[in-house]
Amino acid sequence: MNERSGPNGRTSPQGVAVDDGHLLEVRDLFVEFHTRDGSAKVINGVSYHLDAGETLAVLGESGSGKSVTAQAIMGILDMPPAVIPSGQILYRGTDLLTLPEDERRKVRGKQISMIFQDALSALNPVFPVGWQIGEMLRLREGMSRADAKRRAIELMELVKIPAARQRIGDYPHQFSGGMRQRVMIAMSLALDPAVLIADEPTTALDVTVQAQIMDLLGELRRDLNMAMILITHDLGVVADVADRIAVMYAGRIIEHADVHSLYEAPAHPYTKGLLESIPRLDHKGQRLTTIRGLPPNLMRIPSGCPFHPRCPYARQECVDVVPTVRSLGNDRTSACHFAQEVLDGRI
Amino acid sequence: MAASDPTNPQATTGGAATGGTDPARTGGTKPRGETVLRVENVVKHFPITQGVVFKRQIGAVKAVDGVSFELNRGETLGIVGESGCGKSTLAKLLMRLETPTAGRAMLEGRDMFKLSGGELRRMRRNVQMVMQDPYTSLNPRMTVGDIIGEPFDIHPDAAPRGARRQRVQELLDLVGLNPEHINRYPHQFSGGQRQRIGIARALALKPEIIVCDEPVSALDVSIQAQVINLLESLQDELGLSYIFIAHDLSVVRHIADRVAVMYLGKIVEIGTEDEIYERPTHPYTQALLSAVPVPDPKARAQREIIRLVGDVPSPANPPSGCRFRTRCWKAQDICATTEPQLVLRAVEPHPSACHFAELKQHVVA
Ligand SMILES: Nc1ncnc2c1ncn2[C@@H]1O[C@H](COP(=O)(O)OP(=O)(O)OP(=O)(O)O)[C@@H](O)[C@H]1O
Ligand SMILES: Nc1ncnc2c1ncn2[C@@H]1O[C@H](COP(=O)(O)OP(=O)(O)O)[C@@H](O)[C@H]1O
Ligand code: SF4
Ligand code: SF4
Ligand SMILES: [Mg+2]
Ligand SMILES: [Mg+2]
């Protein structure tokens, strides 16, 4: 897409030399929420990285901290109640957490943008969608009214909204769920970002529409050469589009691998349990294997390995010692004392 | 926390318990068991009105438009389809929470849509429901004991006053909750545990049929399997029949013996789990299955991808002839003029509502 050319180059700190060259890197991030009920340690040392043009999937159950990490990257966490005791978020080598708000605002939307699970609540119900896209272009890019409108139509065509020119005056409620998510995607692309964070973009949609939207995101990512963080709880969705997967549990990345390796042989008991407990479309199984117990209460995270109360392999060591992140080669890691044994199928 | 652990024994005890339903589960053979419910041409149209004082009807949302099926004892009939196709409306009709526009539902030789008074109450006892949302379907101000025991207020003969507490505790135990938690409130339980409370309430009156409307959709992946296993072991133990509504086709394949696929208020294809998932003949079923993302890289490689264009049309104004024709890649002139009936087609011994029903390789894997 030729629209890509200009704005990105002008403002991005591309000239900054970066030590290891990652486009975006979260380093040992911690986030807590301090509320009346106490303090919840929601993110407990998350690290992941993203290179230009690739897709990283972040997989985890609800409450595992996927969205909070994304909000920290976007700089849209409510602080308070949120506190970031430590960590770095490096974008092209610059730590976003140290930037003043006005600098940060320049990154948001223009360098890194985000689409949310619930497109209806993210759109303003009282303005036409075309106007909402155009307004952002006028405010952020200083476009004239006419240019903004023309560009809004282009963007709506880019995300394959039929009869975009006629529908530019329509309000959000006049679009179906799938079409609204397309509008959200158009808006997130308006400022030509280098990184797109998609937070469960299809969870609220029907499977046939979900497939359309995932195809669209995959196509756009390729055509615009964007890097994408895809947040989801659906392993099937991940497998279709992601290069790598980071699995989250209790605010940590407990396993990281490329899609094929992870599916072939998980290296963490939680991932293994998830793979075994999901019903499969392609064959009728026997009774499902389950992961016992419940996801942890973040106000009282279990000692040692946070997964130990649910883990079938837990030993005393797991109760006493927090497992470090072990490297298993090929950019694979697992935060389990027995990572290698699990990977080899020895336990 | 403690309450979640006793739940797991069923989880790992493997397939032995499924024995009772095995013939239906494993083959294309006719499911066993006598018919407990026969639904015939059920229709539900919601009027669309205009005007404030003098409401004029200017149209109707055809939410359910001529649905027929049978449910056998001890079996699970899965119902799948996209949002708005009429699944929940059908469930509400069977619960008598909505009044049908037309049709019959024969239960024990009588049309349950015609019952009233004491007879209706008796029927209600026999057909219970588990709802999607474990957060809103339980009254937050009632204890778990009161919630599960509430049906006994309406049907005092089901459990004499003195025996109620014990009966409720038995039910808690049955669904894998700690019987000592009888005085706790819903907010003290997790989503999966609340869904168990909903199931215990549905079981209180010893029904034969349970209508489950998206019972696991709101649950986390790691918790879904626990609830699915619970529903399956209860079925084996108590001989229940389930109508299991879900949009997750993998979950339905796992739990159902037979499956009905709905589109815009009608069943377009119905058959055994194998027939629908391995040998679907209706283009909509094929597209639906093809759209489900499959995690197995090997299975994905050989899959054929069918992508539907556009959205489901409005049920207030469904297309003429075949309702699927506006999104169907095989549509011909006849599809606009003649409505295809849900009947056996030459290609396959299960009903399909398509003029051009045919098998397609590799839609699933
Ligand atoms: N009380 C009502 N008045 C008017 N229309 C209704 C009413 N209840 C449902 N409908 C309409 O009937 C159709 C079928 O709705 P229903 O809730 O049965 O769908 P569903 O298949 O359960 O969808 P979902 O998967 O989203 O739960 C929809 O178009 C819906 O908007
Ligand atoms: N504004 C907030 N105040 C207090 N707690 C919050 C807030 N936002 C999120 N949390 C908590 O942080 C944890 C992680 O949430 P989130 O990142 O949204 O999970 P998910 O992985 O489902 O996206 C949850 O326990 C959630 O309740
Ligand atoms: S560290 Fe121990 S408890 Fe944690 S996942 Fe590994 S084996 Fe299980
Ligand atoms: S009857 Fe025609 S339009 Fe309908 S599914 Fe069959 S081929 Fe498609
Ligand atoms: Mg989230
Ligand atoms: Mg519904």
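Conventions and cut-offs
- Residues numbered from 1 in each chain as written.
- Chains lettered and ligands numbered in written order.
- Predicted model: local features only at pLDDT ≥ 70, side-chain atom pairs only at ≥ 80, totals over all residues.
- Heavy atoms only, no water.
- UniProt positions renumbered as here; feature names shortened; annotations may be inferred.
- Helix = DSSP H or I, 4+ residues; strand = E, 2+ residues; numbered from the N terminus.
- Buried < 20%, exposed > 50% of the residue type's maximum accessible area, 1.4 Å probe, protein only.
- Contact = heavy atoms within 4.5 Å.
- Areas by Shrake-Rupley, 256 points an atom, 1.4 Å probe, with all protein chains shown as cover.
- Near = heavy atom within 4 Å.
- Polar contact = N/O pair within 3.5 Å; in protein donor to acceptor, adjacent residues only side chain to side chain.
- Buried area = accessible area lost by both parts, 1.4 Å probe.
- Salt bridge = Lys/Arg side-chain N within 4 Å of Asp/Glu carboxyl O.
- Core = buried A, V, L, I, M, F, W, Y, C linked by side-chain atoms within 4.5 Å.
- Nonpolar A, V, L, I, M, F, W, Y, C, P; charged D, E, K, R; others polar.
- Phe/Tyr/Trp six-rings, centres within 6.5 Å; stacked < 30°, edge-to-face > 60°.
- Lys NZ or Arg CZ within 6 Å of the ring centre and 35° of its normal.
- pLDDT = per-residue confidence, 0-100.
- Pairing = 2+ DSSP bridges.
- Axes fitted to C-alpha atoms, helices over the stretch in contact; angles between N-to-C directions.

Under an unreviewed UniProt entry, chain B has the name Dipeptide ABC transporter ATP-binding protein and belongs to Plantactinospora alkalitolerans. According to the UniProt record, the Sequence similarities (unreviewed entry) comment for chain B reads "Belongs to the ABC transporter superfamily."

Under an unreviewed UniProt entry, chain A has the name ABC transporter ATP-binding protein and belongs to Plantactinospora alkalitolerans. UniProt lists a comment for chain A under the heading Sequence similarities (unreviewed entry), and it reads "Belongs to the ABC transporter superfamily." On record in UniProt, under Subcellular location (unreviewed entry), the comment for chain A is "Cell membrane".

Chemist: Could you give an account of the overall build of chain B, naming the residues involved and the relevant values?
Modeler: Regarding its fold elements, chain B presents 13 helices and 12 strands. Here chain B holds 365 residues, and 56% of them are scored as buried. Restricting the contact set of chain B to residue pairs at least 6 apart, pairs at least 24 apart contribute 66%. When the accessible surface of chain B is split by element, carbon and sulfur atoms take 51% of a total near 15,200 Å².

Chemist: Would you mind going over the site of ligand 2 in detail, with residue names and values included?
Modeler: Residue and element names in this part refer to chain A. Around ligand 2 sit Phe33, Val42, Glu61, Ser62, Gly63, Ser64, Gly65, Lys66, Ser67, Val68, Pro81 and Leu298, and those are all the residues in its vicinity. The backbone of Ser64 places a nitrogen or oxygen atom 3.3 Å from an oxygen atom of ligand 2. In the complex, 64% of the free accessible area of ligand 2, which totals 560 Å², lies under the protein chains. Among the elements that line the shell around ligand 2, the one with the most residues is helix H2 (residues 66-74), at three residues.

Chemist: Describe the interface of chain B and chain A, listing the residues and the values that go with them.
Modeler: With 55 residues of chain B in contact, the opposing surface of chain A contributes 43 residues. Counting the surface lost from both chain B and chain A, the interface buries some 4,200 Å², and carbon and sulfur atoms represent 58% of this. Here B:Arg307 ties to A:Asp215 by a salt bridge, and the two come within 2.5 Å at their closest N and O atoms. The interface formed by chain B and chain A contains eight residue pairs in polar contact (both at pLDDT 80 or more). Every element with two or more residues in the side of chain B that touches chain A is listed here: helix H1 (8-12), helix H8 (221-238), helix H9 (249-255), helix H10 (273-278), helix H11 (283-291) and helix H12 (297-301) of chain B. For the side of chain B that touches chain A, the element with the most residues is H8(B), which contributes 10 residues.

Chemist: Could you give me a rundown of helix H3 (residues 87-94) of chain B, with the residues and numbers involved?
Modeler: Residue and element names in this part refer to chain B. Within H3, six of the eight residues are buried, which leaves the element mostly enclosed by the surrounding structure. Within H3, the full set of buried residues consists of Lys87, Thr89, Leu90, Ala91, Leu93 and Leu94. Count one or two residues on from H3 and you reach Arg96, which has phi positive near 60 degrees.

Chemist: I'd like to hear about the nonpolar core, residue by residue, with values.
Modeler: Counting residues in each nonpolar core, the largest one holds 69 residues, and the members touching the most others are B:Ile199 and B:Leu249. In terms of residue count, H8(B) provides more of this core than any other element does, seven residues in total. Residues A:Leu23, A:Val26, A:Tyr263 and A:Cys311 belong to the second largest nonpolar core, which totals 66 residues.

Chemist: Please set out the site of ligand 1 residue by residue, giving values where relevant.
Modeler: Residues and elements named next belong to chain B. Close to ligand 1 lie Phe46, Val61, Ala63, Ser83, Gly84, Cys85, Gly86, Lys87, Ser88, Thr89 and Pro315. With respect to ligand 1, the side chain of Lys87 contributes an N or O atom lying 2.7 Å from an oxygen atom. Measuring from an oxygen atom of ligand 1, one finds a side-chain N or O atom of Thr89 at 2.5 Å. Notes on ligand 1: free accessible area 640 Å², of which the protein chains cover 63%. Where the shell around ligand 1 is concerned, the elements lending two or more residues are strand E2 (56-72) and H3. Looking at which element gives the most residues to the shell around ligand 1, the answer is H3, with three residues. Class assignment for the residues of the shell around ligand 1 results in five nonpolar, five polar and one charged.

Chemist: Tell me about the packing of aromatic side chains, and please be specific about residues and values.
Modeler: Residues and elements named next belong to chain A. Here the structure, examined in full by the defined rule, presents seven aromatic pairs over all chains. Taking 5.3 Å as the distance between ring centres and 70 degrees as the angle between the ring planes, the aromatic pair formed by Tyr270 and Phe307 counts as edge-to-face. Pair noted here: Tyr270 is in helix H12 (residues 269-277) and Phe307 is in the loop between H12 and helix H13 (316-320), with a separation of 37 residues, a long-range link. Each member of the pair, Tyr270 as well as Phe307, carries the same accessibility label: buried. Among the aromatic residues, ring-to-ring pairing joins Tyr249, Tyr270 and Phe307 into one connected group. The residue whose ring lies beneath Arg315 is Phe338, and the NZ or CZ to ring-centre distance is 3.9 Å.

Chemist: Explain the confidence of the model for chain B to me, and be specific about the residues and the numbers.
Modeler: The predicted model of chain B averages 84 in pLDDT, with 90% of residues at 70 or higher. Scored below 50 in pLDDT, residues 1-31 of chain B shows 57 contacts in the model against residues more than four places distant or in partner chains.

Chemist: Account for unusual backbone geometry, with residues named and values stated.
Modeler: Residues and elements named next belong to chain A. Residue Pro80 is reached from Met79 by a cis peptide bond, and omega for that bond is -10 degrees. Secondary-structure assignment places Pro80 in the loop between H2 and strand E4 (82-91). Positive phi, close to 45 degrees, is recorded for Arg92, a residue that is not glycine. Its location among the elements puts Arg92 in the loop between E4 and strand E5 (94-95).

Chemist: Any details on the sheet that holds E2(B)? Residues and values, ideally.
Modeler: All names here are of chain B. Spatial ordering of the open sheet is given by E2-E1-E4-E5, a layout of four strands whose pairing is antiparallel. The open sheet is flanked by E2 and strand E5 (110-111), the only strands paired with a single partner. Note that strand E4 (residues 102-107) and E5 share two bridges and pair antiparallel. Residue Met106 lies in a different strand from E5, and its bridge partner there is Asp111. Against the sheet, H3 makes contact with strand E1 (35-50), E2 and E4, and its axis sits at roughly 70 degrees relative to E2, the strand it touches most.

Chemist: Which residues make up the pairing of E4(A), and what are the values?
Modeler: Residues and elements named next belong to chain A. Two strands pair when backbone bridges link them, and strand E1 (residues 24-35) and E4 are joined in this way by seven bridges, in the antiparallel orientation. By the bridge assignment, Val26 is partnered in E4 with Ile89. Linking two consecutive strands that pair antiparallel, namely E4 and E5, is a turn of two residues; a positive phi of about 45 degrees is found at Arg92 within it.

Chemist: With reference to specific residues and values, describe the side chain of B:Glu82.
Modeler: Position of B:Glu82 relative to the elements: it lies in the loop between strand E3 (76-80) and H3. The exposure class of B:Glu82 is buried, given its relative accessible area of 2%. Among all residues touching B:Glu82, those that are not within four sequence positions of it are A:Asp206, A:Thr208, A:Val209, B:Lys87, B:Tyr263, B:Tyr284, B:Leu288, B:Val312 and B:Arg327.

Chemist: Before we move on, can you summarise the environment of B:Val168 with the specific residues and values?
Modeler: All names here are of chain B. Its place among the elements puts Val168 in helix H6 (residues 164-174). Overall, Val168 belongs to the buried group, its relative accessible area being 3%. Val168 sits 36 residues away from Ala204 along the chain, and the two C-alpha atoms are 7.7 Å apart.

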